[in-house]
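Summary of the model geometry
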Number of protein chains: 4
Amino acid sequence: MNARSSTRYEWILDAALALFVERGYHGTAVPAIAERAGVAAGTIYHHFASKEALVNALFQLWKHRIVHAVHEHFPATGTPREQFRTIWNEMARFALAHPAAYSFLEFHHHGAYLDDANKELDGGLKRFAAEVVAHAQTQGFIRPAEPQLLMELVFGAFNGMMRAHYEGRLVLDEARLALAEASCWDSVRA
Amino acid sequence: MNARSSTRYEWILDAALALFVERGYHGTAVPAIAERAGVAAGTIYHHFASKEALVNALFQLWKHRIVHAVHEHFPATGTPREQFRTIWNEMARFALAHPAAYSFLEFHHHGAYLDDANKELDGGLKRFAAEVVAHAQTQGFIRPAEPQLLMELVFGAFNGMMRAHYEGRLVLDEARLALAEASCWDSVRA
Amino acid sequence: MNARSSTRYEWILDAALALFVERGYHGTAVPAIAERAGVAAGTIYHHFASKEALVNALFQLWKHRIVHAVHEHFPATGTPREQFRTIWNEMARFALAHPAAYSFLEFHHHGAYLDDANKELDGGLKRFAAEVVAHAQTQGFIRPAEPQLLMELVFGAFNGMMRAHYEGRLVLDEARLALAEASCWDSVRA
Amino acid sequence: MNARSSTRYEWILDAALALFVERGYHGTAVPAIAERAGVAAGTIYHHFASKEALVNALFQLWKHRIVHAVHEHFPATGTPREQFRTIWNEMARFALAHPAAYSFLEFHHHGAYLDDANKELDGGLKRFAAEVVAHAQTQGFIRPAEPQLLMELVFGAFNGMMRAHYEGRLVLDEARLALAEASCWDSVRA
DNA sequence: AATGAATGAGGCTTCATTCAT
DNA sequence: GATGAATGAAGCCTCATTCAT
């Protein structure tokens, strides 16, 4: 789950990600993951205790990565406007660079098989964003409303845009991303 | 063979909806649907040719209902602002009255098993909304940007809000719905 | 099983015969018989206690008919040559007039579900033929060999010919039937 | 995946042969084959894609064997009488050594599930025999009649004899086989 | 008698997991 | 560690039979 000697570990994670996104967790057979990864079915069980352990490892890996990407670039001392834009841009960069991973994290229901650690992880980014909103409100930059509500609206808008992009209904370039970001800022600014 | 006459037909649809939302299509066993519906497993096959036919019937039924609800109340001669608010409110009324159905329609990947008729149906509401946006732009009420992009942002925001509500992170009452609607209007208005 | 008030009884027998020949007993579903017969599935159970009772009734009906046809025209006082030809011709007439029935009787394994009465019936025609052979041997018309063996050879030849005809590998007309009959007579005559 | 290497492969074929002969293809459940073979039900699907693939493999295997046995000993330069006797004897040897296989090949209707390759295979031996007959006719050894008809009569007689033997109505020893062969030759010789 | 929806046992097949090599 | 054949529980579906109408 961290540095692993074998690169097969990563082959398996990559194959599982692709298949889970394509066909869902329950719709994906372990032997199918093995075949796509180019390893034997038994090999998966040398690296993961079960199919459930595999999906949890996968979720944790990518959730950590996106959280890290957002936190790493977050301008703690910037203006709320800058902070908003930075979070938006980092998430867009991530979602465009790793479409399968973002789709897996955001557009699939994992409730039935995620372990507690991952359920805790899942809400982290949104809690952080809600805090940023709340702080910006104290400075008067963002309209006075439940931070939770505003945050869910913006994340939802972002996800709607990304999903439309993934599904081919929308082409996302720099200009459109900036326009969308500005629109969303307008929906929350004071 | 399966006119809406039989109540079992509806028991099965209701049970399938609940389970598909809970555990996903592939995660739901046909005998589990039968048990929840209070019928024998074989009975499902008197009403639906297959599990796939069942999920398609379910999708079509509810998609028709929400499309109907939105179209029925759409103020064709109203101002764009009124039109926007009406669509928002009708969708909210529907999503709050039928949480499982809305969740099933919007928060699940159906790509692998939806038939062509349903794939066609799926995009209908969004195409309609994009047209409304485009028309409002010609009158100068909505900012000049791709209608498709603006529409996906607003639908996404709505869905983010609904999902947060369903998952217990947000309480939605009249006031919050109105506030959210106003926020989203601000994200697209000229 | 004899004169029945309802003609549905016969529709069912006819449909069952056609399907059993096409797909075998185990390969034929009772609802499929009902559909082909143009009756409801439940109706079959007003006329037959079970699928097994149906197949037994069918077997008995047609076995009786062919036995009757052969016996009716058998020239008890004729020469063995006449007797041989008559049996051959009667069976050919029957097999050509009722291909499905003959195929059902002779080319399908019924061992697993025939009742005792039918198992007894099954051997009747062959026992009769063996007796005819034995009697002809006492008069020196047929070569001295086990009647049972000669009879099975001739019946086998007849069946091989009929099957080839049914399966389209052979066209049977009067001339060919006569030629085949003469050939078979040559295989047993003194 | 299923080279003849694994003994289980053969266990399964043997079990399937015995059961198909006893109860027919549709009357035989895959789990029953597994049980008789002494393997798990799932194991069958490591060696055969489906029940239908299994029955086709079985048919092909034994059809190849009998064709090979007949061709291997066929005296291409012998007299028609020798050729006739050789084919008869080889088939008898085979049919007595492998009663289940011969019964499976000749006494069951496979039309519904045999693949094209097997349908092609099926007619091979008979086509060969018809050619032998036709060639013998050109030399004046066999009476002038359709080779196809004479051949079907002889094969039919052979099958009638074998079936009577299998079903206990006839005991076949060397003397009786020779007698039957001579009888059949008499039915076709000039 | 006739219907056909309903039943549920059982059939074919898949698949998460194990284990001998 | 790696393999992949083997397992058997469980999944989707069929079908002989029943029963309320």
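These numbers come from a predicted model, not from an experiment.

Conventions we followed
- Residues numbered from 1 in each chain as written.
- Chains lettered and ligands numbered in written order.
- Predicted model: local features only at pLDDT ≥ 70, side-chain atom pairs only at ≥ 80, totals over all residues.
- Heavy atoms only, no water.
- Near = heavy atom within 4 Å.
- Polar contact = N/O pair within 3.5 Å; in protein donor to acceptor, adjacent residues only side chain to side chain.
- Contact = heavy atoms within 4.5 Å.
- Buried area = accessible area lost by both parts, 1.4 Å probe.
- Salt bridge = Lys/Arg side-chain N within 4 Å of Asp/Glu carboxyl O.
- Helix = DSSP H or I, 4+ residues; strand = E, 2+ residues; numbered from the N terminus.
- Nonpolar A, V, L, I, M, F, W, Y, C, P; charged D, E, K, R; others polar.
- Buried < 20%, exposed > 50% of the residue type's maximum accessible area, 1.4 Å probe, protein only.
- Least-squares fit on C-alpha atoms with pLDDT ≥ 70 in both.
- Core = buried A, V, L, I, M, F, W, Y, C linked by side-chain atoms within 4.5 Å.
- Axes fitted to C-alpha atoms, helices over the stretch in contact; angles between N-to-C directions.
- Parallel < 35°, antiparallel > 145°, perpendicular 65-115°, else oblique.
- Left-handed = near helix turned anticlockwise from the far one by under 90°.
- Expected span 1.5 Å × (residues − 1).
- pLDDT = per-residue confidence, 0-100.
- Phe/Tyr/Trp six-rings, centres within 6.5 Å; stacked < 30°, edge-to-face > 60°.
- Lys NZ or Arg CZ within 6 Å of the ring centre and 35° of its normal.

1. Describing the protein's contact with DNA strand F
Around DNA strand F, the structure places 33 residues, and the nearest of them are Thr43(A), Val30(B), Tyr45(B), Val30(C) and Thr43(D). Among the atoms of DNA strand F lying within 4 Å of the protein, the sugar-phosphate backbone contributes 65%. Ala40(A) places a main-chain nitrogen or oxygen 3.2 Å from a phosphate oxygen of DNA strand F. Within the side chain of Thr43(D), a nitrogen or oxygen atom sits 2.3 Å from a phosphate oxygen of DNA strand F.

2. A few points about the interface of chain C and chain D
Of the residues lining the interface, 35 residues belong to chain C; the matching set on chain D comes to 35 residues. In this assembly, chain C packs against chain D so that about 2,900 Å² is buried in total across both faces, 59% of it on carbon and sulfur atoms. Per-residue buried area on chain C facing chain D is highest for His109(C), Leu149(C) and Leu153(C); these three make up 20% of the total on that side. Applying the counting criterion to the chain C and chain D interface returns six salt bridges. Arg176(D) is the salt-bridge partner of Glu146(C), the closest N and O atoms lying 2.4 Å from each other. In this assembly, chain C and chain D are joined by 17 residue pairs in polar contact (both at pLDDT 80 or more). Counting only elements with at least two residues in the side of chain C that touches chain D, the list comes to α6 (99-106), α9 (147-166) and α10 (174-188) of chain C. The element that contributes the greatest number of residues to the side of chain C that touches chain D is α9(C), accounting for eleven residues. In the side of chain C that touches chain D, the residues fall into 14 nonpolar, ten polar and eleven charged.

3. A word on the arrangement of the chains
Chain B makes no contact with chain C; the smallest distance between any of their C-alpha atoms is 13 Å. Structurally, chain A and chain D remain out of contact, their C-alpha atoms never closer than 13 Å.

4. Some thoughts on the pattern of salt bridges
In this structure the tally under the stated criterion is 56 salt bridges over all chains. Of the charged contacts in the structure, one is a salt bridge between Asp186(B) and Arg189(B), with a shortest N-O distance of 2.6 Å. In this structure Asp186(B) comes out as buried when scored by relative accessible area, which is 14%. For Arg169(D), the salt bridge goes to Glu167(D), with nearest N and O atoms at 2.5 Å. Bridged by salt links that share partners, the residues Lys126(A), Glu152(A), Arg163(B), Glu167(B) and Arg169(B) form one connected network.

5. Here's the deal with the relation of the copies chain A and chain B
The transformation that overlays chain A on chain B combines an axial shift of 0.1 Å with a rotation of 180°, and the residual RMSD is 0.1 Å. With respect to symmetry, the two chain copies, as superposed, fit the operation of a two-fold axis. The overlap is high: 100% of the interface residues of chain A also sit at the interface in chain B, so the same surface is used on both sides.

6. Structural notes on the relation of the copies chain C and chain D
Of the transformation placing chain C onto chain D, the axial shift is 0.1 Å and the rotation is 180°, giving an RMSD of 0.1 Å. A symmetric contact is evident, with 100% of the interface residues of chain C recurring at the interface of chain D.

7. A look at the interface of chain A and chain B
Taken together, the contact between chain A and chain B spans 35 residues of the former and 35 residues of the latter. When chain A packs against chain B, close to 2,900 Å² is buried across both sides, 58% of that on carbon and sulfur atoms. Three residues stand out in chain A for area buried against chain B, namely His109(A), Leu149(A) and Leu153(A), and they jointly supply 20% of the buried area on that side. Connecting chain A to chain B are six salt bridges. A salt bridge links Arg143(B) to Asp186(A); the shortest N-O distance between them is 2.9 Å.

8. Some words on the nonpolar core
Grouped together as the largest cluster of nonpolar side chains are 138 residues, with contacts concentrated most on Trp88(A), Met161(A) and Met161(B). In terms of nonpolar packing, the next biggest core, distinct from the first, is built from 137 residues, Ala37(C), Phe84(C), Leu17(D) and Val67(D) among them.

9. Quick notes on the packing of helix α1 (residues 8-23) of chain A against helix α6 (residues 99-106) of chain A
Residue and element names in this part refer to chain A. Packing of α1 against α6 leaves a shortest axis separation of 9 Å and a crossing angle of 55°. Classified by the angle their axes make, α1 and α6 are oblique. Note on packing geometry: the crossing formed by α1 with α6 is left-handed. Residues Leu17, Phe20 and Val21 of α1 form the contact with α6, whose participating residues are Ala100, Ala101, Ser103 and Phe104.

10. Details of the protein's contact with DNA strand E
Neighbouring residues of DNA strand E: 33 residues in total, closest Val30(A), Thr43(B), Thr43(C), Val30(D) and Tyr45(D). Each atom of DNA strand E within 4 Å of the protein was assigned to sugar, phosphate or base; sugar and phosphate come to 64%. Between a base nitrogen of DNA strand E and a side-chain N or O atom of His46(B), the distance comes to 2.7 Å. Between a phosphate oxygen of DNA strand E and a side-chain N or O atom of His47(B), the distance comes to 2.6 Å.

11. Description of the side chain of Lys63(D)
Residue and element names in this part refer to chain D. Considering the arrangement of structural elements, one finds Lys63 in helix α4 (residues 51-73). Taking relative accessible area as the criterion, Lys63 reaches 3% and is therefore assigned buried. A distance of 3.2 Å separates the side chain of Lys63 from the side chain of Glu106, its partner in a polar contact. When neighbours within four sequence positions are excluded, Lys63 is seen to be in contact with Leu105, Glu106, Leu121 and Asp122.

12. Points about the environment of Pro80(D)
Residue and element names in this part refer to chain D. Here Pro80 lies in helix α5 (residues 80-97). Distance from Pro80 to Arg8, taken between C-alpha atoms, is 43 Å for residues 72 residues apart in sequence. Residues contacting Pro80, with those up to four places away along its chain left out, are Ala136, Gln139, Phe141 and Trp185.

13. Considerations on α10(C)
For α10(C), which comprises 15 residues, the first-to-last C-alpha distance of 22 Å matches the rise-based estimate of 21 Å (1.5 Å per residue) to within 8%. Regarding α10(C), the residues found buried are Leu177(C), Ala180(C), Glu181(C), Ser183(C), Cys184(C), Trp185(C), Asp186(C), Ser187(C) and Val188(C). Residues of α10(C) that are buried sit in contact with α5 (80-97) and α9 of chain C together with α9 (147-166) and α10 (174-188) of chain D.

14. Here's the deal with the confidence of the model for chain A
Looking at chain A, the pLDDT average stands at 95 and 97% of residues meet or exceed 70. The weakest mean pLDDT in chain A belongs to helix α7 (residues 116-122) of chain A at 91; the strongest belongs to helix α9 (residues 147-166) of chain A at 98.

15. A closer look at the packing of aromatic side chains
One pass over the structure, following the stated rule, counts 51 aromatic pairs over all chains. The interplanar angle of 70° and the centroid separation of 5.2 Å between the aromatic rings of Phe84(B) and Trp185(B) together place this pair among those described as edge-to-face. One end of the pair, Phe84(B), is in helix α5 (residues 80-97); the other, Trp185(B), is in helix α10 (residues 174-188), with 101 residues separating them in the sequence. Neither residue differs from the other here; Phe84(B) and Trp185(B) are each classed as buried. Taken together, the ring pairs in this structure connect Phe84(A), Trp88(A), Tyr102(A), Phe107(A), Phe158(A), Tyr166(A) and Trp185(A) into an aromatic cluster. The lysine or arginine in question, Lys51(A), covers the ring of Tyr25(A), its NZ or CZ lying 4.6 Å from the ring centre.

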